[in-house]
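Examination of the molecular architecture
Each chain, written out:
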Amino acid sequence: ITKRGYQIMAIWTKGFSDEMKTHVPVSCRDLTYVDEVQDELHWSLDDLVRAVDQAKERASRKIGKDDGYYTIVGCIAGGEAGVDMADLLSEKLGVLSNGTKGDFANRRDKRVQQDLVRDAGLRAVRQACGEKFEDVEEFLRSEQFPVVLKP
């Protein structure tokens with residue numbers, strides 16, 4: 001992203017500890033942020049958007065530009081913990097988004113992922129879903145073992 005001329009602002013998901021912020025892939029160790037925002041436990045989504053706007057203004061002033069210098073053009077999750085927030089925030093900011101509605105609303109759910117793959121006409125895993133053993137018992141009896149159980 002930075003190689004294409006884009007600047008990055010880090011938005012740390014609620015409850016994401018300082019220690020976790022140090023777990024950075026080797027490929028990302030040289031990233032620098034124009035600013036960082038910590039999504040506080042008591043904040044609403046609107047509070048977070050205000051904090052992002054304030055961070056854009058700070059970052060602009062830091063390089064001697066007017067407050068409106070930076071424009072948010074995308075919102076990308078930096079890791080699994082940020083996927084839901086990236087969807088919410090990108091939707092709220094009005095940038096291209098997977099969003100929180102429609103086919104991708106539960107896209108982190110492995111069952112939903114496989115259903116979308118299958119619906120696209122691609123090969124997908126056979127699966128059953130349930131809250132009790134009886135819900136999947138018939139499926140298990142029809143499959144060759146071993147099977148994968150994903151709680």
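For the structure itself, consult the block above.
Reference entry: report on the structure contained in this document. (Residues numbered from 1 in each chain as written. Predicted model: local features only at pLDDT ≥ 70, side-chain atom pairs only at ≥ 80, totals over all residues. Heavy atoms only, no water.)

**Re the overall build of the chain**
Heads up, the rule is: Per the convention used, a helix needs a DSSP run of H or I reaching at least four residues, while a strand needs a run of E reaching at least two, with both numbered from the N terminus. Our radius of gyration is a C-alpha quantity, and the globule rule it is checked against amounts to 2.2 Å times the number of residues to the power 0.38. The classification of residues rests on relative accessible area computed with a 1.4 Å probe and restricted to protein chains. Under 20% of the type maximum is buried, over 50% is exposed, and intermediate values are partly exposed. The contact criterion used is simple: two residues touch if any of their non-hydrogen atoms lie within 4.5 Å. Each accessible area is a Shrake-Rupley result for a 1.4 Å probe, and residues are judged covered by the shown protein chains and nothing else.
Tallying secondary structure elements over the chain gives four helices and two strands in all. Counting from the amino terminus, helix and strand elements in the chain follow one another as β-β-α-α-α-α. Relative to a compact globule of 151 residues, whose C-alpha radius of gyration would be 15 Å, the chain shows 20 Å and is clearly more extended. Split into buried and exposed, the 151 residues of the chain put 20% on the buried side. Pairs at least 24 apart in sequence give 41% of the contacts found in the chain among residues at least 6 apart. Looking at the chain as shown, the accessible area adds up to about 11,600 Å², and 51% of this sits on carbon and sulfur atoms.

**As for the nonpolar core**
Selection criterion: For the purposes of this section, nonpolar cores are sets of buried Ala, Val, Leu, Ile, Met, Phe, Trp, Tyr and Cys residues that join through side-chain atoms within 4.5 Å.
M9, V34, V37, L48, V49, A51, V52, A55, A59, Y70, M85 and L89 together form the largest nonpolar core, which totals 12 residues. Contributions of two or more residues to this core are made by helix 1 (45–62) and helix 2 (83–93). Among the elements that make up this core, the one with the highest residue count is helix 1 (six residues). Residue contacts for M9: discarding those within four places in its chain leaves Y33, V34, D35, V37, V52, A55 and K56.

**Structural notes on the environment of G68**
As for its position among the elements, G68 is in the loop between helix 1 and helix 2. For the pair G68 and E57, spaced 11 residues apart in sequence, the C-alpha separation works out to 6.6 Å.

**Let's talk about the layout of surface pockets**
What counts, and what does not: Here a cavity denotes a set of grid points, spaced 1 Å apart and computed over the protein atoms alone, in which a 1.4 Å probe fits but from which it cannot get out, and a pocket denotes an open set meeting protein on both sides within 12 Å along at least five of seven lines; residues with an atom within 4 Å of a point are reported as lining. Grid points are joined across faces, edges and corners, and a volume is the space filled by probe spheres set on the points. Three categories are distinguished: nonpolar for Ala, Val, Leu, Ile, Met, Phe, Trp, Tyr, Cys and Pro, charged for Asp, Glu, Lys and Arg, and polar for the others, with Gly belonging to the last.
Considering only enclosed or pocket space, the largest pocket measures out at about 1,500 Å³ in volume. For the lining of the largest pocket, the secondary-structure elements that each account for two or more residues are strand 1 (9–12), helix 1 and helix 2. Residues that form the lining of the largest pocket fall into these classes: 28 nonpolar, 11 polar and eight charged. Approximately 800 Å³ is the volume attributed to the second largest pocket. Taken together, 22 residues make up the lining of the second largest pocket; nearest its centre are Q127, A128, V148, L149 and K150. Among the elements of the structure, helix 3 (110–119) and helix 4 (133–142) are those that each provide at least two residues to the lining of the second largest pocket. In terms of residue count, the dominant contributor to the lining of the second largest pocket is helix 4 (four residues). Among the residues making up the lining of the second largest pocket, the classes are represented as 12 nonpolar, four polar and six charged.

Keep in mind that these numbers describe shape and distance, not what the molecule does.
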